[in-house]
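A structural walkthrough
Next come the chains, spelled out residue by residue.
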Amino acid sequence: MGSAKKDTSAARKARIEEMRRAEQSRERRNRILTITGATVAVAALVAGTVFLVRSQSDDTPSADAKTSGSFVTGSDGVKTWKGTLGRNHVTKAVAYPMEPPVGGDHHQAWMNCDGDVYDKALNNVNAVHSLEHGAVWVTYNSKAPKADVEALAAKVEKTPYTLMSPDDKQADPIVLTAWGHQRTVTGASDPNVAAFFEKYVQGEQTPEPGAACTGGLSK
């Protein structure tokens, strides 16, 4: 009888010990899974941060902007790019063959162009993406009369799919740009301003008609 009790007690202890070992084993597995998951998450976060920093800070011009061709000026004074305009998304700055650019490879983020007026020069790689969405981009340099700048800003502010910014790198005082098309104007009262807006705001040249002009960069 005593031997039977001893055997039962020993078996119970063995089962308890086995259960304890199983529980410890599960705890070790859970700790490993937790540590592994945390490590993967941190690594992904670091990688994403590095990519973001590089994409925002790497200003080395790309070797190939995927643009080739030249301008042809029409009887209406509008210069049309005859050739290739790349449409790839890149993370580096792009050396465009014209200023302001009329198209080409660009950043994934576009500049907001819902009648947005900027008081500082824009990154071309973001503004070009706005052109791809069918926006008209009004730019001016320091030679543009203040009254014209103010009048053009008022026109842009009430016109969806337009944006405006200074550009001291351009040769002419006031330039209007759409994807693949560009012209200079003499001032805000030049009738060619209205004609350009009418034809090219969400015009037939738009690579991505109807794409958003909000939800992008605002400065």
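Worth saying up front: this structure is predicted, and the values here are computed from it rather than measured. Residue numbers restart at each chain and count upward from 1, following the sequence in its written direction. Local features in this predicted model are restricted to residues of pLDDT 70 or higher, and side-chain atom pairs are both shown and tallied only at a pLDDT of 80 or more, whereas totals for entire chains, interfaces and linings draw on every residue. Excluding hydrogens and water, the side-chain values take into account all heavy atoms of the structure.

**Some words on the environment of W81**
- Numbering of helices and strands runs from the N terminus, with a helix taken as a DSSP run of H or I at least four residues long and a strand as a DSSP run of E at least two residues long. Tracing the sequence through the fold places W81 in strand β2 (residues 79-85).
- Of the residues examined, W81 reaches a relative accessible area of 11% and is grouped as buried.
- Separated by 14 residues in the primary sequence, W81 and T67 have C-alpha atoms spaced 9.8 Å apart.
- In this structure W81 touches S68, G69, S70, F71, P97, M98, V102 and G180, once residues within four positions along its chain are discounted. Throughout this description, buried means an accessible area under 20% of the type-specific maximum (1.4 Å probe, protein chains only), exposed means over 50%, and partly exposed covers the range between. Contact criterion: two residues are considered in contact whenever any of their non-hydrogen atoms come within 4.5 Å of each other.

**Overview of the environment of N112**
- Checked against the element boundaries, N112 lands in the loop between β2 and β3 (114-117).
- For N112 and C213, which are 101 residues apart along the polypeptide, the C-alpha to C-alpha distance reads 5.2 Å.
- Here N112 is in contact with Y118, L163, C213, T214, G215, G216, L217 and S218, once residues within four sequence places are set aside.

**Some remarks on the side chain of N141**
- Counting through the fold element by element, N141 comes out in the loop between β4 (136-140) and α3 (146-157).
- The term polar contact refers here to a pair of N or O atoms within 3.5 Å; inside protein, the definition further demands a hydrogen-donor-capable atom paired with an acceptor-capable atom, and it admits residues adjacent in sequence only when both atoms are side-chain atoms. Of the polar contacts made by the side chain of N141, one reaches the backbone oxygen of Q170; its length is 3.3 Å.
- For N141, the side chain forms a polar contact with the main-chain oxygen of D172, separated by 3.2 Å.
- Excluding anything up to four places from it in sequence, N141 contacts D167, D168, Q170, A171, D172 and P173.

**A word on unusual backbone geometry**
- Going from E99 to P100, the amide bond is cis rather than trans, its omega being -5 degrees.
- Here P100 lies in the loop between β2 and β3.
- For Y161, which is not glycine, the phi torsion reads 60 degrees and is therefore positive.
- Examined against the element boundaries, Y161 turns out to sit in the loop between α3 and β5 (162-166).
- The buried category is assigned to Y161, whose relative accessible area is 19%.
- The backbone of Q202 shows a phi angle near 55 degrees, a positive value even though the residue is not glycine.

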